[in-house]
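# A look at the structure
Residue strings, one per chain:
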Protein chains: 2
Amino acid sequence: MPQRKGNLMSVRDDVKVVDATIRDGGLCNNFAFSDEFVTELYKTNIRSGVDYMEFGYRASKNMFDPKEHGKWKFCDEADIRAIVGENISDLKIAVMADVGRCDYKTDFIPKSESVIDMVRVACYIHQIPAAVDMIEHFHSLGYETTCNIMAISTANTEQVDDALTQLCESSVDVIYLVDSYGSLFPENAGELAAKYSAFAEKAGKKVGFHAHNNQNLAFANTIETLSYGFSYLDATAMGMGRGAGNCATELLLGFLKNPKYNLYSHLVFLENYMIPLRESGVTWGFDLQYMFTGQLNCHPRPAMAFTTEGRNDYSEFYKSLLDNV
Amino acid sequence: MPQRKGNLMSVRDDVKVVDATIRDGGLCNNFAFSDEFVTELYKTNIRSGVDYMEFGYRASKNMFDPKEHGKWKFCDEADIRAIVGENISDLKIAVMADVGRCDYKTDFIPKSESVIDMVRVACYIHQIPAAVDMIEHFHSLGYETTCNIMAISTANTEQVDDALTQLCESSVDVIYLVDSYGSLFPENAGELAAKYSAFAEKAGKKVGFHAHNNQNLAFANTIETLSYGFSYLDATAMGMGRGAGNCATELLLGFLKNPKYNLYSHLVFLENYMIPLRESGVTWGFDLQYMFTGQLNCHPRPAMAFTTEGRNDYSEFYKSLLDNV
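In this text, all values refer to a predicted model and were calculated from it rather than measured experimentally.

## Section: the relation of the copies chain B and chain A
With an axial shift of 0.0 Å and an RMSD of 0.0 Å, the rotation relating chain B to chain A amounts to 180°. Put plainly, the chains are arranged around a two-fold axis. A high fraction, 100%, of the interface residues of chain B reappear at the interface in chain A, so the copies pair face to face through one surface.

Quick look at the structure:
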């Protein structure tokens, strides 16, 4: 039986809040954030005690046309520096690199010359060997690394064990459980978290969680994995992220007991930037169509199309999903 | 250490889904539901396999003017019968009676003459003796009874033990844990649930949970208490209820494994009645102002006023709450 670490009154110094607003939220607006928005979020994260800020993806410019996406899909060094300068702060800078969608051998400079602290490698479970190759490369350049194993709710026990074994033998610093479909319940998120923690502890790795809110469980699952020893907790302002979005930073900051976290500064940002962004028509967050894909443990793609098309025939849509899963 | 009952694949025949849409949702629109709305919800609950439907309060007409509230604040026998006839169905009918706000000695006829099956007695923890008096009266009339102990997050351990002891010596059928402020986390909801279950099991009582969604944990807390043996689970369509609302019926129906529950019928009701109701301007559901009162473990009253006044100065409002709790 897995053991919980600490309780509701504990401060856990290993906890790191990772703001993924620009990266996961960028999937809602094709990364079209203004420089003012990103700069204010950066300052807010420093004031709120957030530990990492993920600026976006470093996607391949051979595969994706920079003219068709906002700059945070590519996270050029110069673009990050234009926001953070030399980043004279305790906030660390992260970018994400997807297996198969980046030119990692050519597009990363050594850490000693970069303002980026951490590269997060995202993959599906069958791509772990490719992810490990990337991790070793980033490690040799001097970066902190994570491996974010996506869509974990579709993997079987043996696959998870194999993946964790391979990652524990690699140089990766943090192994992430990613509930891409928002279909985990706290009970199975907790069981997976206990397993990840057991593997990671033996190998001297850290563990992290990235939630989606399809069943309104993003925050609940995040604090459940936390209680089983998870340290790296992804969150986004107002839960902004693809489809049903993520664990809202304001819920997480209100929960954590470490006095270094400051909710008030974050609220000022929500009021001045997030609420206007939502009112401008960018959409994300819990809604029935995303609940269906979460319940059915499938990709939110059809639900995103349902949203984009402005449909409201929820029961018909639900029937069509039942025909296709 | 409390034990979980069953797992994510289990059917628990003791589980009862209690639809509280008209009662808790009525607090959002002063009980101004059309007869068509209530009739369709009644039919929907039968089709969806819902076990109980709470029609509203039976409030004192001496204390509350029937001209100033919709009829479901009073739940006259004739008004319920106009919807359900003799209720030839497996769905049971409930009403709520608040300690201190009803004329229970005069306003209830014997169960043998009534279409109501269950009376739910709501009280704060210091009102348990008054609640027990009501429970014994309703029991003598032949009704099933519950005692819904509200605002449990403000009670201390000794008070909870005393309350459970008194209720276990009474004729009550179901003891309810009520997270009125939406401030419980799954971890402490689970601990309380284990305690309630331990008391209730010895006394041959059932236990139930009523959630509020201030921290987006209504569904998570509901399934957590379920896992510790809770049987009676309150839910409302689209989570409609005071302030941040409740556990959404559609999340709960999607979770429960008993094939008697049918999500599709419920979705048709949401599409035809709940979404139009929301679009007509009735407001409820998770929002920052309710998150604050949940995090601070206080009554949502100031957050409801903030909403009614159409304010959006969230950070100022948060500061004002810090000055007052």
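## Here's the deal with the pattern of salt bridges
Applying the stated criterion to the full structure yields 44 salt bridges over all chains. Across the pair glutamate 316 of chain A and lysine 319 of chain A runs a salt bridge whose closest N-O atoms are separated by 3.0 Å. Of this pair, glutamate 316 of chain A and lysine 319 of chain A both sit in helix 12 (residues 314-324), separated by 3 residues, roughly a single helical turn. A salt bridge links arginine 120 of chain B to aspartate 234 of chain B; the nearest nitrogen and oxygen atoms lie 2.8 Å apart. Highlighted residues: arginine 120 of chain B in strand 4 (residues 118-123) and aspartate 234 of chain B in strand 8 (residues 232-235), separated in sequence by 114 residues. For arginine 120 of chain B, a relative accessible area of 0% translates into the label buried. Here the salt bridges share partners, and the residues they tie into one network are Arg23, Asp24, Glu54, Arg120 and Asp234 of chain A.

## Considering the state of the cysteines
For the structure on display, the rule yields 0 disulfides over all chains. In this model cysteine 298 of chain A remains outside any disulfide bridge; the closest cysteine sulfur is found in cysteine 28 of chain A, 18 Å from its own. Look at cysteine 298 of chain A and you get buried, because its relative accessible area is 12%. We note that cysteine 75 of chain B lacks a disulfide partner, and the nearest cysteine sulfur, in cysteine 102 of chain B, lies 12 Å from it.

## Here we look at the pairing of strand 2 (residues 52-57) of chain A
All names here are of chain A. Burial runs high along strand 2: 6 of the 6 residues are buried. Inspection of the sheet shows strand 1 (residues 16-19) paired to strand 2 by 2 bridges, in the parallel sense. Bridge pairing links aspartate 19 to methionine 53 in strand 2. Sheet analysis places strand 2 next to strand 3 (residues 92-98), joined by 4 bridges and oriented parallel. Bridge pairing links tyrosine 57 to methionine 96 in strand 3. Running through helix 3 (residues 77-84), the crossover from strand 2 to the neighbouring parallel element strand 3 is right-handed.

Cut-offs applied
Residues numbered from 1 in each chain as written. Chains lettered and ligands numbered in written order. Predicted model: local features only at pLDDT ≥ 70, side-chain atom pairs only at ≥ 80, totals over all residues. Heavy atoms only, no water. Least-squares fit on C-alpha atoms with pLDDT ≥ 70 in both. Contact = heavy atoms within 4.5 Å. Salt bridge = Lys/Arg side-chain N within 4 Å of Asp/Glu carboxyl O. Helix = DSSP H or I, 4+ residues; strand = E, 2+ residues; numbered from the N terminus. Buried < 20%, exposed > 50% of the residue type's maximum accessible area, 1.4 Å probe, protein only. Disulfide = S-S within 2.5 Å. Pairing = 2+ DSSP bridges. Right-handed = clockwise from strand over helix to strand, strands pointing away.

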